[in-house]
Amino acid sequence: LHFSFLVVKTTSNRNPTDKMSLSAKDKNTVKAFWANVVGMEEDIGCDAVSRMLTVYPQTKIYFSHWKDLSPGSAPVRKHGATVMTAVTDAVSKIDDLTGGLLSLSELHAFTLRVDPANFKVLAHNLLVVLAIVFPNDFTPEVHVAMDKFLAAVARALSEKYR
Amino acid sequence: MVEWSETERSIITNIFSNLDYNDIGPKALVRCLIVYPWTQRYFASFGNLYNAEAISNNPQVAAHGIRVLHGLDRALKNMDNIKATYAELSVLHSEKLHVDPDNFKLLSDCLTIVVAGKMGSAFTPEIQATFQKFLAVVVSALGRQYH
């Protein structure tokens, strides 16, 4: 999915390749909302990964070494926890995602070699889980801030690819 | 042609028979206009879309959301021929409304999230897969007549 975006002349030092970067309001919204998630990383992560593997079966190719790829299985739960804990960490590094996620980017680029298109896929499934778990708090305003944040995380993870 | 199992057909039928169109329609369109603000380009005549609150309270947005959601009824009734069913609407969106077909996916993602929020954990991974398959077929059909 390609976005066409308005190029606005500003006097800030913003990196010209930044697309739709996070405003102060976005960051505050994400931090406030994510406080609800802390402590639930395993359940939320498990559900998000389960959905990704079910709804987008092509993503299973990255987990061919697992014994069991069914929703809620032990490896799915463990991986969901790993990924979601990393997202919690990314929230704490929201002011410098590129720097903060450097080693994770190297991992994804050189070792895992996950096609970056899949970051968007996982993000979508995470948003679905958040809508289910927090039906009242996951308002449209929170949704847009979270969507932007996850896109920024994806960009930071893609940094080292080429 | 798209194949639908009996399970998939009943999942889709159940979702829509329990759907409150007057609630879900507006919510989906409101969410789309807020999360993907460039989609507001098609609604210049709808008045106040200046911020999330204005969009959420805009009666034209609400009415239009209901209308768009009912647009899915034709797919529901013609699941074995969705492509042909939407040919006319596809031409309309291309020739008259000039809607970028990428936007259909954006609205469909918002609808998925709104339905998930409404159904809660009853919106299982399997049901999500079927619902998204259904929407993907509609989205594809709506983009078919663009040239």
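Scroll up to find the structure this text is about.
Remember, it's a predicted structure, so these values are computed and weren't measured experimentally.

The rules behind each value
Residues numbered from 1 in each chain as written. Chains lettered and ligands numbered in written order. Predicted model: local features only at pLDDT ≥ 70, side-chain atom pairs only at ≥ 80, totals over all residues. Heavy atoms only, no water. Helix = DSSP H or I, 4+ residues; strand = E, 2+ residues; numbered from the N terminus. Buried < 20%, exposed > 50% of the residue type's maximum accessible area, 1.4 Å probe, protein only. Contact = heavy atoms within 4.5 Å. Areas by Shrake-Rupley, 256 points an atom, 1.4 Å probe, with all protein chains shown as cover. Axes fitted to C-alpha atoms, helices over the stretch in contact; angles between N-to-C directions. Parallel < 35°, antiparallel > 145°, perpendicular 65-115°, else oblique. Salt bridge = Lys/Arg side-chain N within 4 Å of Asp/Glu carboxyl O. Polar contact = N/O pair within 3.5 Å; in protein donor to acceptor, adjacent residues only side chain to side chain. Phe/Tyr/Trp six-rings, centres within 6.5 Å; stacked < 30°, edge-to-face > 60°. Expected span 1.5 Å × (residues − 1).

Right, let's talk about the overall build of chain A for a bit. When helices and strands are tallied, chain A shows 7 helices and 0 strands. Listing every helix and strand of chain A by position from the N terminus yields α-α-α-α-α-α-α. Burial statistics for chain A: of 162 residues in total, 41% are counted as buried. Look at the contacts in chain A between residues 6 or more apart in sequence, and 76% of them connect residues 24 or more apart. Here chain A displays about 9000 Å² of accessible surface, and carbon together with sulfur accounts for 56% of that area.

Residues and elements named next belong to chain B. Between helix α7 (residues 87-96) and helix α9 (residues 125-143), the least distance of the axes is 7 Å, while the angle of their chain directions is 60°. With respect to α9, the element α7 is oriented oblique. Listed contacts from α9 to Leu89, Ser90 and His93 of α7 are Ala141, Leu142 and Gly143.

Let's shift gears to the interface of chain A and chain B. Listed by partner, the interface residues are 23 residues for chain A and 23 residues for chain B. Put simply, chain A and chain B have 0 salt bridges between them. Taken together, the connections running from chain A to chain B amount to 7 residue pairs in polar contact (both at pLDDT 80 or more). Taken together, the elements giving at least two residues each to the side of chain A that touches chain B come down to α2 (41-55), α6 (117-133) and α7 (140-158) of chain A. Element by element, the count of residues in the side of chain A that touches chain B is highest for α6 of chain A, at 6 residues.

Here Ser94 of chain B lies in helix α7. For Ser94 of chain B, the residues in contact, after removing those within four places along its chain, are Gln145 and Tyr146 of chain B.

Okay, the packing of aromatic side chains next. Residues and elements named next belong to chain B. Taken as a whole, this structure holds 12 aromatic pairs over all chains when the rule is applied. Seen from their ring centres, Tyr36 and Trp38 are 5.7 Å apart, and the 65° between their planes marks the pair as edge-to-face. Through successive ring pairs, a cluster of aromatic residues spans Trp4, Phe16, Phe123, Phe131 and Phe134.

Next up on the list: the pattern of salt bridges. Scanning all chains against the criterion turns up 12 salt bridges over all chains. For Lys133 of chain B, the salt bridge goes to Glu8 of chain B, with nearest N and O atoms at 3.1 Å. Taken as a pair, Lys133 of chain B in helix α9 and Glu8 of chain B in helix α1 (residues 6-17) lie far apart in primary sequence, 125 residues in all. Linking Lys118 of chain B and Asp23 of chain B is a salt bridge whose minimum nitrogen-to-oxygen distance equals 3.1 Å. On the criterion of sequence distance, the pair formed by Lys118 of chain B in helix α8 (residues 102-119) and Asp23 of chain B in helix α2 (residues 21-35) is long-range, its members being 95 residues apart. A relative accessible area of 18% places Asp23 of chain B in the buried class. Residues joined by salt bridges that share partners form a network here, namely Glu42, Asp43 and Arg77 of chain A.

In the Ramachandran plot, Arg113 of chain A falls in the positive-phi region, its phi being about 50° despite a non-glycine side chain. Checked against the element boundaries, Arg113 of chain A lands in the loop between α5 (102-112) and α6. One non-glycine residue, His98 of chain B, lies in the positive phi region at around 50°. Residue position: His98 of chain B is located in the loop between α7 and α8. Looking at His98 of chain B, the relative accessible area reads 52%, which means it is exposed.

Residues and elements named next belong to chain B. The end-to-end C-alpha distance of α8 is 26 Å, a good match for the 26 Å that 18 residues give at a rise of 1.5 Å each. Looking at α8, one finds that the buried residues are Asn103, Phe104, Leu106, Ser108, Asp109, Cys110, Leu111, Thr112, Ile113, Val114, Val115 and Ala116. Directly after α8, the chain includes Gly120, whose backbone phi takes a positive value near 65°.

Function cannot be inferred from these measures alone, as they are strictly geometric.
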